[in-house]
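Summary of structural features
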Amino acid sequence: MGDVDRIIRPAASPPAARVSAAVGRNGASQEELRSTFSRYPTGVTVLGAGNDELMRGMTAASFTSVSLVPPLVLVCIRRGTLMRQVVLDAQAFAVSVLAVTQEPVARHFADPGRPPGRAQFAAVGWWPAPVTGAPMLAGSIAWLDCRLEDVTVAGDHEVIFGRVAWATRTDRRDPLLYFARSYQRLQSSAAASPALQNLAGRQPSRTRGGTDVHPL
Ligand SMILES: Cc1cc2nc3c(=O)[nH]c(=O)nc-3n(C[C@H](O)[C@H](O)[C@H](O)COP(=O)(O)O)c2cc1C
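Here goes a summary of the coordinates provided. (Residues numbered from 1 in each chain as written. Predicted model: local features only at pLDDT ≥ 70, side-chain atom pairs only at ≥ 80, totals over all residues.)

Our focus in this paragraph is the pairing of strand β9 (residues 142-154). Bridge count between strand β6 (residues 92-97) and β9: six bridges; the pairing is antiparallel. By the bridge assignment for β9, Ser-96 is matched with Trp-143. Across 12 bridges, β9 lies against strand β10 (residues 157-169) in antiparallel orientation. By the bridge assignment, Thr-152 is partnered in β10 with Val-159. (Pairing = 2+ DSSP bridges. Helix = DSSP H or I, 4+ residues; strand = E, 2+ residues; numbered from the N terminus.)

Put into C-alpha cells, the structure is as follows:
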C-alpha cells in the first residue's frame, strides 16, 4: 500500500466511483488525491523574488496567512523549481494577491516557458517592494513584502515561511479564485441559492466592480 492509499480513507457516505478510484492502483489514487485537493477553493497570488537577471515571478495558490504576532505567512513551493532557488538566494519574497482581471497574469507566471529574469515582467506593471525590493504587480488587490523566516521540507514541496515587513491592500472585492483546476470569480453563495437567500432573510444588496457583495 502506497502513501496515497494510506491517507485516503472513504468518507461516511462516499460515492462508490470515488472509493474505487481511491483504493485502486497508485496512479489512479494520486489523480484522485489531486482532484480532491482541487476542491478546496483558493485565491491566486504571484510570488516575486530576486533582482535583475535573477528576478522571477511564480503563480501560487498555496499562500496562507499564519500569524499576526509575529506577522507570518507561508507559501508551498515545489522542490526543483527555479522560483524556490531565487527565493532562498534572495532571502525574501513579495506576494501580490491577484484581481479577477489578472487571469492572463496568473497564466503567464505559471508558464514554464516564460522568459527568464526581468524580461518576464516586461508585459506587466510592477514595482520593487518597499523593504526587500522584490517585484510586486500592479493591478492586484493586496500586497505583502516578506523576509524569509523559515523553510521546512514537506514531501515534494518546501513550506516557506515569510515574516511580513510591509503590507497593504485595496478596497476591491473582485479576487481571482481557483477551484477544480480552473479560474473562477467570486459569486455570492446566497445569490446562487434561493434557499440561502431565505435563511439570510435579505437579498445581496450591493455590487462593486461587477462582483456581488453579500451583506452577511
Ligand atoms: C493556479 C495555480 C496555482 C499554483 N500554485 C503553486 C504553488 O502554490 N506552488 C508551486 O510550487 N507551484 C504552483 N503552481 C505551479 C507554478 O506556477 C509553475 O509550475 C511554475 O512554472 C513553476 O515555477 P518555475 O518556472 O520557477 O519552476 C501553480 C500553478 C497554477 C496555475
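The discussion continues.
Pro-70 follows Val-69 through a cis peptide bond whose omega is -5 degrees. Even without a glycine there, the phi angle at Gln-91 is positive, about 60 degrees. As for its placement among the helices and strands, Gln-91 is situated in the loop between α4 (82-90) and β6. Its identity is not glycine, yet Ala-180 carries a phi of approximately 50 degrees, on the positive side. Tracing the backbone shows Ala-180 in the loop between β11 (176-179) and β12 (182-185).

This brings us to the environment of Ala-167. When you line up the elements, Ala-167 lands in strand β10. Residue classification places Ala-167 among the partly exposed positions, given that 13 C-beta atoms sit within 10 Å. For the pair Ala-167 and Asp-145, spaced 22 residues apart in the sequence, the C-alpha separation amounts to 6.2 Å. (Buried ≥ 20, exposed ≤ 12 C-beta atoms within 10 Å, placed from the backbone.)

These figures capture arrangement, not role.
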